[in-house]
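What follows is each chain in one-letter form.
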Amino acid sequence: MEATPSTWLRGRGLVVGGLKFGQVIVRFYPSPSQRLHPASCRIRHRNFSLNAKRQPAKKINLERTTNRKFQSSGDNDSDPSKLSKDSTIDTIQETASNEHDPIVIEAGHANGKDYNNSSPPNEVISLDDDTIESARESSYSDENSSDIDGGDQLSGIHLEDLVGMIRHAEKNIHLLNQARIRALEDLEKILSEKEELQGQINTLEMKLAETNERLKVVAQEKIHVELLEDQLEKLRNELSSRGSNEENTQDKNSSVSSSQIDLIDSFSQELDLLRAENMSLKDELQVLKAQLGNIRETDQRVQMLEEERLTMESSLKELEFKLAASHEDISKISSLKSECKSLYEKVEDLQTLLDKATKQADHASLVLQENQEIQKKVDRLEESLKEADVYRLSTEKMQQYNELMQQKIKLLDERLQRSDEEIHSYVQLYQDSMKEFQDTVDNLKEENKKKEQDTSVNDKPWAFWSNLFLIVDGWVLEKKISVDQAKLLREMIWNRDEGICDAYILSKEKNEREIIATFLKLTSSTTGERLHVIHIAAEMAPVAKVGGLGDVVTGLSKALQKKGHLVEIILPKYDCMRHELVRDLKLLDVPVESYFDGHLFKNKIWVGTVEGLPVYFIEPQHPSRFFSRGQFYGERDDFKRFSFFSRAALELLLQAGKRPDIIHCHDWQTAFVAPLYWDLYVAKGLNSARICFTCHNFEYQGAATASDLESCGLDVYQLNRPDRMQDNSAKDRVNPVKGAIVFSNIVTTVSPSYAQEVRTAQGGQGLHGTLNSHSKKFVGILNGIDTDAWNPATDPLLEVQYNSSDIEGKAENKEALRRQLGISSADLRQPLVACITRLVPQKGVHLIRHAIYRTLELGGQFVLLGSSPVPQIQESCREFEDIENHFRTHEHARLLLKYDESLAHLIYAASDMFIIPSIFEPCGLTQMIAMRYGAIPIVRKTGGLNDSVFDVDDDTIPVHFRNGFTFLTADEQSFSNALERAFHHYKHDADGWKQLVQRDMRIDFSWDTSSLLYEELYAKSVARARAANRT
């Protein structure tokens, strides 16, 4: 059984207190009932009374000294590992130059009783250890030499702490050994006592058997006496009836009766004796039973001692293991310290060289300035000479003056030449120093590169492999490698081949042509069995997110990537997307041309990684500037914008030579991919994939006039038919969602309940007939959430992080939100109800309005964070704007008509309840996020809400699945009933509410389960396609 030292000491009745790095005070107090004797130590006796203060103990100072000596107060060996069970440890005091807290170890009994070889209470034991002393001296040997590095001081302090810990560990091991020896002695004594008691038990058992036999004989004799008494009574009756005439017979009978009476008297006496003996035997039996109980108690004590011995042995082994680990840590720290010191010495040498070179350069600069001044003087002299030549006089003085000037000029020239030579030497010296410095830096870089190369391939992040994918795709689009070569390289990257990883690291400093040549050498033979999935979508969180679609694309892609599949995403390059969240965003050299409106238009292809996933961004070079309008949706020509994008995405796959297994398109914006793929691109050679279409909300279908379909190159005459893309409500309109349902191999939606609802006339939005016709390939899969992004234990946007085991952080986040919004904090237990939503009719805005007022009536607080993403629907927010103004200064309510990501995280963490009264809800992610953060959901039973929230009061559902409050009818009365039940649970069952919060936080809403279902659908569809191709 594993046990930490502190746990063992508590189990033995010992208390350890005051353990620190700088000051360690350990006290052992054995309990009175403990039979283990304390470690035998030579001690210093202290007298104290109940009211007297403790006398100061002798101290061991752990301070570093140059010449360290320990002074022992006794004559015994101080090494704890060599002490026998009768050896002693002398009190040791070590004095140092500077001040540090002492280490004192006290051992004493809780009472004043004396045991064998036990020590008086409140003893003081001071420790000594030569091994620890030598380790500490070696760890501080370099400290007194210089104080250049604060890092050496810090590592020394850490080493000092480790040495102190090792010292106490070894002392505790010694104490445990002593206690173990005492326990073994006690155990031997108890075993001998047990043997003696066992002999007495055997004797008593023999006596008991004899007594039982005698009791049996006495019982038989008693029965015989009773029979004789009966016979005597009968004889007496016969004699009385016969009369006095028969004297002979009477004499005979009297003689017989007298003899029988004597016999009876003897039997009665013997019976009384037996009864007395029986009573004595019973008393002896009671005594034996009492002794037997004592023996059993002794056995139990023996068993307890044996268990304690085993526990001490396990604790001793654990302490020995920790001691060995501590020695290993000391050796590692010593090696690191020496390595660090050598590195600092190198840096100091480099700094010295650099300072020297800098000084030389400064001096050279000064000399250069002087030479420039001299040169100016020379120039002025030359000018003077020229003037002298003009005004030359024929006199002798002038000639002498000229000669003198020539001599000065000559001297100046010589001086200038010497200065130039000196400057050149200084510059050369500076260049040599810089070269030496650069060589040292290059060596350090080479060492770092070697360390990077030693990193395991499996430790490389997904962003590394995604970047390799994008590099290879750029090469094939730019026609620098062939499609087959690109396929082989992709498979090697897909399989995380160590060779391609090493080749990329080694060729970082090379030009692109050399890198390509290095990569092509690796394309010998490689194959992969995993799936290649490409998502074509209009959104992706967090770079281009409007609703839940962006979260699904990112979450599903990351989950599939973790399972080993190759996943890529193709998005429009919006001008309003968050470019700063795309890593390594770059433009490929070669544009991709795609057909639209009878012309070929170029598209710029950008590549980058988002959340570790490779992403392609298509920027159309179309005069209409389709995706440079400052918003994602809501344009009048959205049909043309996204039909253009869908064809450009397939053109990119074709020209890049990709052979995906699955092309997954989402919602009506990319529903054009399915008919485009089968009608146009299969014939062009892009024929390896199966099409999967996911509709996240059937309310948005993107229907338009049939003639608009011609722009992307589809045949309107062939597709505007009832069994293909013709809208079910108008013959002159086409429906992209219907076309995707017809032309896709897999059709999914975002929850099982929503899949059933849309197959009815009420929920199908006109597509129920089409869905029922293709029901075999239609399935509902509940979405998941990104549990890394939505994790209260690591969320940086929270005031305090917390988890399901410790939910106290929710109260602190609640208080932080109240301060931020300016609502009352008077009642900490006042329930806080929250709602984060889009203010559209689908979300049940009339019930949200009702919830505000009803929450306040029930004594709660309400917070709303909501906005309308589409301009045409913003008129529905005017009513909420009036409500917002009404509650602007209210102490228990706040309405925030916007979306704020950081505030949303804080609201999830602070709220006690979370309402989602949707009229219909395909999946819903807010209820999953709310439960992840410990907010209990109150939802209407529809769509994905019905698949993820189960009522607390529903007895038909197992208790461990109940996680919230639900209502069925979308009216105020039903909603109020659910809200009131939630308030009742919160106010009257605090423990039950806490358990409900913790249960909700532990529910797994990650993409792991959902991605398995998608993976199964993909694999089955691909397998059917391959089987069909073989036949």
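In case you missed it, the structure is sitting above this.
This is a predicted model, so every value here is computed, not measured.

Some points on a positive patch on the surface
Stage number 1. Positive charge collects at one region of the surface, where Lys-376, Lys-377, Arg-380, Arg-415 and Arg-418 lie side by side.
Stage number 2. Counting residues per element, the ones that place at least two in the positive patch are α4 (247-390) and α5 (396-454).
Stage number 3. Inspection of the secondary structure puts Lys-377 in helix α4.
Stage number 4. Note on Lys-377: relative accessible area 45%, which makes it partly exposed.

Examining the nonpolar core
Stage number 1. With 104 residues, the main nonpolar core has Phe-519, Met-540, Ile-570, Leu-650, Ile-663, Phe-698 and Leu-709 as its most contacted residues.
Stage number 2. Counting residues per element, this core draws most heavily on helix α6 (residues 462-477), which supplies 10 residues.
Stage number 3. A domain split of this core shows at least three residues from each of domain 1 (462-524) and domain 2 (532-699 + 737-780).
Stage number 4. Excluding its chain neighbours within four sequence positions, the residues that come into contact with Met-540 are Lys-545, Gly-550, Val-553, Thr-554, Ile-569, Leu-571, Val-610, Leu-613 and Val-615.
Stage number 5. Residues Ile-785, Leu-865, Ala-904 and Tyr-908 belong to the second largest nonpolar core, which totals 68 residues.

Side note on helix α11 (residues 638-655)
Stage number 1. Counted at 1.5 Å a residue, the expected span for α11 with its 18 residues is 26 Å, and the 26 Å between its end C-alpha atoms agrees.
Stage number 2. Counting buried residues in α11 gives 15 out of 18 residues, a clear majority hidden from the surface.
Stage number 3. Gly-657 sits one or two residues past α11 and shows a positive phi near 70 degrees.

Quick word on a negative patch on the surface
Stage number 1. Together, Asp-379, Glu-382, Glu-383, Asp-413 and Glu-414 give the surface a local cluster of negative charge.
Stage number 2. Contributing elements (two or more residues each) for the negative patch: α4 and α5.
Stage number 3. Among the elements that line the negative patch, the one with the most residues is α4, at 3 residues.
Stage number 4. Residue position: Glu-414 is located in helix α5.

Observations concerning the environment of Tyr-616
Stage number 1. The residue Tyr-616 is located in strand β11 (residues 613-620) in this model.
Stage number 2. Along the sequence, Tyr-616 and Ala-649 sit 33 residues apart, while their C-alpha atoms lie 9.0 Å from each other.
Stage number 3. If we ignore the near neighbours within four places in the chain, the residues touching Tyr-616 are Phe-469, Leu-470, Asp-473, Glu-568, Ile-569, Ile-570, Leu-571, Ile-605, Trp-606, Val-607, Leu-652 and Lys-658.
Stage number 4. At a separation of 3.0 Å, a polar atom in the side chain of Tyr-616 contacts the side chain of Glu-568.
Stage number 5. A polar atom in the side chain of Tyr-616 sits 3.1 Å from the side chain of Lys-658.

Examining the side chain of Asn-963
Stage number 1. The topology assignment puts Asn-963 in the loop between α22 (943-948) and β23 (965-967).
Stage number 2. Only 2.7 Å separates the side chain of Asn-963 from the backbone nitrogen of Phe-950, close enough to count as a polar contact.
Stage number 3. Residues contacting Asn-963, with those up to four places away along its chain left out, are Met-931, Ile-936, Pro-937, Ser-948, Val-949, Phe-950, Val-952, Leu-996, Asp-1000 and Ile-1003.

Section: the pattern of salt bridges
Stage number 1. For the structure on display, the rule yields 24 salt bridges.
Stage number 2. Put simply, Asp-638 and Arg-641 hold a salt bridge, and the shortest N to O gap is 2.6 Å. Pair noted here: Asp-638 and Arg-641 are both in helix α11, with a separation of 3 residues, about one helical turn.
Stage number 3. Residue Arg-641 is classed as buried on the basis of its relative accessible area, which comes to 0%.
Stage number 4. A single network of salt bridges, built from pairs that share partners, joins Asp-473, Arg-490, Glu-568 and Lys-658.

About the criteria used
Residues numbered from 1 in each chain as written. Predicted model: local features only at pLDDT ≥ 70, side-chain atom pairs only at ≥ 80, totals over all residues. Heavy atoms only, no water. Patch = residues over 30% accessible without salt bridge, like charges linked within 9 Å, V, L, I, M, F, W, Y side chains within 5 Å. Areas by Shrake-Rupley, 256 points an atom, 1.4 Å probe, with all protein chains shown as cover. Salt bridge = Lys/Arg side-chain N within 4 Å of Asp/Glu carboxyl O. Lys, Arg positive; Asp, Glu negative; His and termini not counted. Charge placed at Lys NZ, Arg CZ, Asp CG, Glu CD. Helix = DSSP H or I, 4+ residues; strand = E, 2+ residues; numbered from the N terminus. Buried < 20%, exposed > 50% of the residue type's maximum accessible area, 1.4 Å probe, protein only. Core = buried A, V, L, I, M, F, W, Y, C linked by side-chain atoms within 4.5 Å. Domains from an automatic or database assignment. Contact = heavy atoms within 4.5 Å. Expected span 1.5 Å × (residues − 1). Polar contact = N/O pair within 3.5 Å; in protein donor to acceptor, adjacent residues only side chain to side chain.

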